[in-house]
Structure formats: structure tokens, C-alpha cells
Amino acid sequence: MYAQMVESGQAGTSDQDKAFQDKIDRNVRIEPRDWMPEGYRKTLIRQISQHAHSEIVGQLPEGNWITRAPSLQRKAILLAKVQDEAGHGLYLYCAAETLGVSRDELTEQLLSGKAKYSSIFNYPTLTWADVGMIGWLVDGAAIMNQVPLQRCSYGPYSRAMIRVCKEESFHQRQGFDIVRALVEGTEDQKAMAQDALNRWWWPAIMMFGPPDADSTHSEQSMKWGIKLNSNDELRQKFVDQTVPQAEWLGLTLPDPDLKWNEDRQSYDFGTPDWDEFFNVIKGNGICNRERLDARNKAWDDGAWFREGLMAHAEKTTKQNIAAE
Amino acid sequence: MSPFATFCLRMGDNALILGQRTGEWCGHAPVLEEDIAFANMGLDLIGQTQLWYGMVSDELGKSPDDLAFFRGEREFLNTLLVEQPNTDFAHALMRQYLFDAWHLPMLDGLTGSTNADVAALAEKSVKEVRYHIDRSRDLIVRLGDGSPESHDRMQAALDWLWPFTADLLARDAADDTLVAEGMIPAAAPVQQAFDWETAETFARATLTAPDGPRRTGGRTGNHSEHMGYLLAVMQSVPRAHPGAHW
Amino acid sequence: MSTEFPLWEVFIRGQHGLAHRHVGSLHAPDAELALKSARDVYTRRNEGVSIWVVPSSAIAALDPSEAEQNFAPSESKIYRHPTFFDIPEDVGAM
């Protein structure tokens, strides 16, 4: 999810390629030192790093509210949650590193704007209710995509996903719990929740990526077992799961076309504004520049810290060698 | 307010305000590993805040959240040290270390408190703080004795923050009453532990604590200007919606 | 000077009595800080009672393309497994 629209590489036609595909078809996990087609390696690096970057940039919109959380309990929960996102980014960078790329290289790609991250994080968090919506909807959508990825063909990625999913199960619940407290609260709080839902619903729907019909580069990734469901499949699942929850909360989803389809045993829903989606991806969201600026600042301001620690480690290594 | 309530508020306010400053780093630290470690400390501190405020909730007739979000800056009794801003990561680390160097012997002493609730609270917190100082001390030494730039930044942070340690170690009549009751440790052993800890560490870190004026005031509600901004941010949501539950 | 911290592999003993298990990796300038970071990164949910860290570069591994010659030969030694032997039920526990 955090890794939608990853451009897929090409499969080869050699015997090695065929044996590789056969392994994947037999559900044998690919491990770092195994032979793999260059296209598979490159696609995975792009996908895993985009996923990692999304976790890291994803700290920012919610991180905004750690200092303003309205109770001590909420402050602790939110800090723990945003900290988890940093952890997830870390696990994913480590998984990408097994493919022969360093974390610094990946960071450089993010900071220069060359690498993508999920465009959902380019929307602003304007009220406390937004923090609830991110947990409930954005993490809810992310989980929907990450659960199948636990079975993806690349061992380190699949293991990272297992750890992430285990930890993330509390994220969606804490978001729902924030929203629940709001709708059970004052009129102002209820209005705050509805307003936030109005702003986050469509971006959440678009997190699954463009419709399958327009999605050009999924096929090879699906064959390789690194994308397991189509965008539309996951989107439908998300809508079907979320609509009853919104009803339970007494909130209205901002989609006049939303209605239960008895034949399909699923909800029909309207078409998102894809122009807006691509516009945000192109860098024209409200917070694109702020997000990258914040990451660049953290990295640049931290250079002396990293250098200082390395300098000390080198000094002590030299002293230890001299002492021996 | 009773001496006991004053003391508990000072402890809780220290934990909250430092936790607030620590939380500001989430998503902005120099490396991911550090981001995660800092958040762990912040979580411990917020947890400690809830415990200290819980101790005096009945006497003051205010919930822990009311104490955090509905008092003004003159009513907060935290030390000046913890409200100092995150000028850079060196300031954040040094502030944490100086606080830990006092916090550990203080809590260690409180584990022998005649008040069983205080002793139990200290018993739980002291484990957390032992880890905090292990980590902060280690980084002070590494960065003090690291590159020329890391040394200079750590020294600058020490120069800025050291004067506030007077506020950290200060005592008044309320404290004296509690010492006499065996509720809190006397000033001398805490001061000695602090002096020994910091002298040893700064020697290893090739850093020098400055002479000169010492600053006090936070413990009596006389804060720096940073405090008002910190509270304005922290309290904005509950204050905009009085009576709301979150 | 490259300032990227070296990579470490992290092994955690989940409970007393169990073996250490590989849980992931992290970057740190040296072993001491790697251990501290491992505690902060990998035991946030009370997952461990002991931690090992090993420089990733210190791990030697068999070549996966030689997996057949390494592991296939033991496949046929089925008599090494207790289920190979048929013990009459009335002999009792064995």
C-alpha cells in the first residue's frame, strides 16, 4: 500500500529464470544469497524502499500531534504508535539492504526526491480528529495490503511484514478508539470527527492505487509473488469492511454513490478524483515540500551526531588494537 | 498546598515537561535507532507523570489530566532544566543526561521512603531511569570524545545547561519537612551522587562544566520564557474544549 | 570518511530456557551501542530476556547453489528418526 505503483522489471527467458519462477510457483521463499533475476531484485528494492520511506515520512503527519495530544494517555499511545512507524521503517530498510543496497543510499534517494513514498502523507493533519482518521482509515488500508505481503516470495520482506503486522494491529484500533471518543463526546467533537472523515475518506480510498484497468505494471510483480492482490480487490475489501464501522460510529461517508449491492454482496461506491491523486503524487499536495524538508533537516542536522559517533568508535578500535 | 503535594507536583512536572521535549524529536532524530530510543524514554517519562499526579489527585481535587492541561505556567513546578528548548540534539542529550544524573539518586533514595506508595513508585521508576542514564552517559562520552564538531556541540550544550542544575538540586522548607519525616532523601547524598557522576563522566568525555552564575526558579513557578510556549502547544486542544473527554 | 554505521544482526532469547533467535538487524557504530539499540528497537513489547549482536560481515554462510549436495544426502537416512521403527503397542512407552 505504502508501495503502490511500483514499476515492475522484466523477467528473463533463460533456464535460470524458468527455474526461479518454478521455485516461486512452488511457494519456496527466495533468500538473499539465492540467484534472482535483476528485474526481481530491482523491483523489490524499489517496492521495499518505497514502503520504508512511507513509514518514515508517515511519522510526520501524526508526529505533529504528539506535543498536542489532549490527554496523558493519548500522548503516550500516540508516541508509542509513531515510534512503531520508525521501527517499521527500520525493519524494511534492513530487508532492502539484504538486496545489496545501503540504507544511506536509500535515504539519499528519498531526500533528493528521487524515490517515492505513499502520497497519503502529503495531506495535512489539521485537527486532533485527523490523528484518529489516520489510525482508523490509513492504517486500516495499510494493514489490508500488508497482511497478504506476509506471504510474499522474498524471505526478508515477508519476515519484516510478519513483524510489522503483529505490531500494527494496535494502530488501527487506537485510531478507531480516538474517533469513538469524539463521536461520543460534545457536539464540537462530533463535528470535528465528521470533518476529518470528509477530508480523509477519498485519500484513503486512493491509497490502493489507480484502478486495475489503468495499472500497467502489476502483472509481472504478481507473477513474482511480490504483489498478491489487485488494487481494486483490496479497495473493495476495505470499503466493505469500513462502511459498517462508520455506521456504528454514526458518521457519514462523503460518497453519495455508496450503497449496498445485494447481487455482489458488496458496496458499490463512487469514483475518486484521480486527477487530484496524480497531482499530489507529482508534488503538488499541501505538504509535499514540508515533508521532504523535515526529513532533509533531520538528516542534515544529525550529520555531526553520526560523524561524532563513528569518530569515537574508530578511536576506541585503534586504542584496543594498540593495547593488544 | 501540602509539602507532599508540592513535592509530587515537582516530580510529575519534571517528568511531563521533559517527556514533552523528548516527544518533539519523534520523526526528527539523527538516526532511526536514536529516534526509537528517544521515544522509549519519552514513554517512561509520561508514565511517571501519571503516577506522580495520581498521588496528589485526591488532595488537590484534580485529575492527572487536569493537572497537566489546566494549570498555567506559574503553577508548574518543574525545574528550569527540563523546559530548555531542543536547540540541537546535543542540547537534548545533555539535558537528558544532567536530569538523569539527579533523577537516579533521587529515585534511589525514594525507594527507602517512609511512604509506601512513594517507595513503590520509585521502585518501578528507578529501573527505567537506570537505563536512561546508561544510555545518556554513554552518548555524552562518545560525542564529547568524538569528532571536533561533536565535542564543541556537547561543550556548548553543557555551557548552556549547567547553570540550571542549581535549580535541579535546590531544596526549600517543603523539602526539609519531608526529609524530617523520612519521606524523601536528604539533599547531601543526592548532591554527592550527582557531583561524582558528572565529574567522572565529563572527565571521560573531555568536557568541562563551566563556573559562573547558577540559575534557579522553576521549582517555585518562576520559569524561563520557553515554558509559556511549551504549555500553549501542549494544552491547546483540551483548553479549546473545556469539559470534553478524549 | 563514510559515516554509515556498520550493520549488525540481532538475536534475542524470547524466554528463559529457549535459544537465541535471529529477529532482524540494525545499524550502530560499535557492539555496545548495537546492544542498546537492539534493546530499544526489538524489545519494545517485552519480547526478550537476552540479546546478542553480531556484525553482519562476520556471518559466513553456505552457498545456496550447493544446497543439494549439502542437504540431500541426509534425506535417505530415515532410520535416524524414531518413527522408522515399529514398536508393538503392548511393549509400552519407549
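Anything mentioned here points back to the structure above.
Cut-off values and rules
Residues numbered from 1 in each chain as written. Chains lettered and ligands numbered in written order. Predicted model: local features only at pLDDT ≥ 70, side-chain atom pairs only at ≥ 80, totals over all residues. Heavy atoms only, no water. Helix = DSSP H or I, 4+ residues; strand = E, 2+ residues; numbered from the N terminus. Rg over C-alpha atoms; globule rule 2.2 N^0.38 Å. Buried < 20%, exposed > 50% of the residue type's maximum accessible area, 1.4 Å probe, protein only. Contact = heavy atoms within 4.5 Å. Areas by Shrake-Rupley, 256 points an atom, 1.4 Å probe, with all protein chains shown as cover. Lys, Arg positive; Asp, Glu negative; His and termini not counted. Charge placed at Lys NZ, Arg CZ, Asp CG, Glu CD. Pairing = 2+ DSSP bridges. Buried area = accessible area lost by both parts, 1.4 Å probe. Salt bridge = Lys/Arg side-chain N within 4 Å of Asp/Glu carboxyl O. Polar contact = N/O pair within 3.5 Å; in protein donor to acceptor, adjacent residues only side chain to side chain. Axes fitted to C-alpha atoms, helices over the stretch in contact; angles between N-to-C directions. Parallel < 35°, antiparallel > 145°, perpendicular 65-115°, else oblique. Nonpolar A, V, L, I, M, F, W, Y, C, P; charged D, E, K, R; others polar. Patch = residues over 30% accessible without salt bridge, like charges linked within 9 Å, V, L, I, M, F, W, Y side chains within 5 Å. Expected span 1.5 Å × (residues − 1). Bend = angle between axes of the 7 residues up to and from the residue. Core = buried A, V, L, I, M, F, W, Y, C linked by side-chain atoms within 4.5 Å.

Observations regarding the overall build of chain A
Then comes step 1: Across its full length, chain A carries 13 helices and two strands.
Then comes step 2: In terms of C-alpha radius of gyration, chain A reaches 21 Å, essentially the compact-globule figure of 20 Å for 324 residues.
Then comes step 3: If you line up chain A on its principal axes, its C-alpha atoms span 70 × 50 × 35 Å.
Then comes step 4: Taken across its 324 residues, chain A has 61% of its residues classed as buried.
Then comes step 5: Restricting to contacts in chain A with at least 6 residues of sequence separation, those with at least 24 account for 80%.
Then comes step 6: Split by element, the accessible area of chain A, about 13400 Å² in all, is 50% carbon and sulfur.
Then comes step 7: Across chain A, 37 positive and 47 negative side-chain charges occur, with their mean positions spaced 5 Å apart.

Considering the pairing of strand 1 (residues 7–13) of chain C
Residue and element names in this part refer to chain C.
Then comes step 1: Among the seven residues that make up strand 1, five are buried, leaving the element largely enclosed by the rest of the structure.
Then comes step 2: Pairing of strand 1 with strand 2 (residues 20–27) involves seven bridges; the strand directions are antiparallel. The residue of strand 2 that forms the bridge with Val10 is Gly24.
Then comes step 3: In textbook terms, the turn of a hairpin is the stretch between consecutive antiparallel strands, and for strand 1 and strand 2 this stretch comprises six residues, one of which, Gly17, has a positive phi near 95°.
Then comes step 4: For strand 1 and strand 3 (residues 50–55), the ladder comprises six bridges, and the chain directions are antiparallel. In the strand pairing of strand 3, Glu9 is matched with Val54.

Overview of the interface of chain C and chain B
Interface size, as often reported, equals the accessible area lost upon joining of the parts.
Then comes step 1: In this complex, chain C contributes 13 residues to the contact, which on the side of chain B involves eleven residues.
Then comes step 2: Summed over both sides, the interface between chain C and chain B buries roughly 1100 Å², with carbon and sulfur atoms accounting for 51% of that surface.
Then comes step 3: Here C:Asp30 ties to B:Arg142 by a salt bridge, and the two come within 2.8 Å at their closest N and O atoms.
Then comes step 4: Linking chain C to chain B there are six residue pairs in polar contact (both at pLDDT 80 or more).
Then comes step 5: Of all the secondary-structure elements, those providing two or more residues to the side of chain C that touches chain B are strand 2 and helix 1 (31–42) of chain C.
Then comes step 6: No other element matches helix 1 of chain C, which puts seven residues into the side of chain C that touches chain B.

Points about the packing of helix 5 (residues 103–111) of chain A against helix 12 (residues 288–301) of chain A
All names here are of chain A.
Then comes step 1: For the pair helix 5 and helix 12, the least separation of the axes is 9 Å and the interaxial angle reads 140°. Taken as axis vectors, helix 5 and helix 12 run oblique relative to one another. Seen from helix 5, the contacting residues are Asp104, Thr107, Leu110 and Leu111; seen from helix 12, they are Leu292, Arg295, Asn296 and Trp299.
Then comes step 2: Residue composition of the contact of helix 5 with helix 12, grouped by class: four nonpolar, two polar and two charged.

Some thoughts on a nonpolar patch on the surface
All names here are of chain C.
Then comes step 1: The grouping of Ile78, Tyr79, Phe84, Phe85, Ile87, Val91 and Met94 at the surface amounts to a nonpolar patch, some 770 Å² of accessible area in total.
Then comes step 2: Along the chain, Met94 turns up in the segment after helix 2 (67–71).
Then comes step 3: Judged by its relative accessible area of 76%, Met94 falls in the exposed class.

Some details on helix 6 (residues 128–149) of chain A
Residue and element names in this part refer to chain A.
Then comes step 1: Taking 1.5 Å per residue, 22 residues should reach 32 Å; helix 6 reaches 31 Å between its end C-alpha atoms and fits that length.
Then comes step 2: The sharpest bend along helix 6 measures roughly 35° and falls at Ile134.
Then comes step 3: The buried fraction of helix 6 amounts to 21 of the 22 residues, a majority that puts the element mostly inside the structure.

Focus on the pattern of salt bridges
Then comes step 1: Counted under the stated rule, the structure contains 42 salt bridges over all chains.
Then comes step 2: For B:Arg153, the salt bridge goes to B:Asp88, with nearest N and O atoms at 3.0 Å. On the criterion of sequence distance, the pair formed by B:Arg153 in helix 7 (residues 148–161) and B:Asp88 in the loop between helix 4 (80–83) and helix 5 (89–110) is long-range, its members being 65 residues apart.
Then comes step 3: Between C:Glu32 and B:Arg142 there is a salt bridge, with its nearest N and O atoms 3.6 Å apart. Taken as a pair, C:Glu32 in helix 1 and B:Arg142 in helix 6 (residues 116–144) lie in two separate chains rather than in one.
Then comes step 4: Classification of B:Arg142 by relative accessible area gives buried; the value is 2%.
Then comes step 5: A network of salt bridges, in which partner residues are shared, links A:Asp84, A:Arg163, A:Glu167, C:Arg44, C:Arg45 and C:Glu47.

Observations regarding the nonpolar core
A general tendency of soluble globular proteins is for nonpolar side chains to be buried together.
Then comes step 1: In terms of nonpolar packing, the biggest core is built from 105 residues, with A:Tyr40 and A:Trp128 touching the most fellow members.
Then comes step 2: Beyond its immediate chain neighbours, meaning those up to four positions away, A:Trp128 contacts A:Trp65, A:Ala69, A:Pro70, A:Arg74, A:Leu78, A:Ile178, A:Leu182, A:Met192, B:Val237 and B:Trp246.

Details of the side chain of B:Ser125
Then comes step 1: With respect to the helices, strands and loops of the structure, B:Ser125 is situated in helix 6.
Then comes step 2: Each residue touching B:Ser125, except ones within four places of it in the same chain, is listed here: B:Gln48 and B:Leu107.

Looking at the sheet that holds strand 1 of chain C
Sheet strands pair by backbone hydrogen bonding; their relative direction is either parallel or antiparallel.
All names here are of chain C.
Then comes step 1: Spatial ordering of the open sheet is given by 2-1-3, a layout of three strands whose pairing is antiparallel. Pairing within the sheet leaves two strands with one partner each, and these edge strands are strand 2 and strand 3. Within this sheet the neighbouring strands show an average axis-to-axis angle of 30°, counted without direction.

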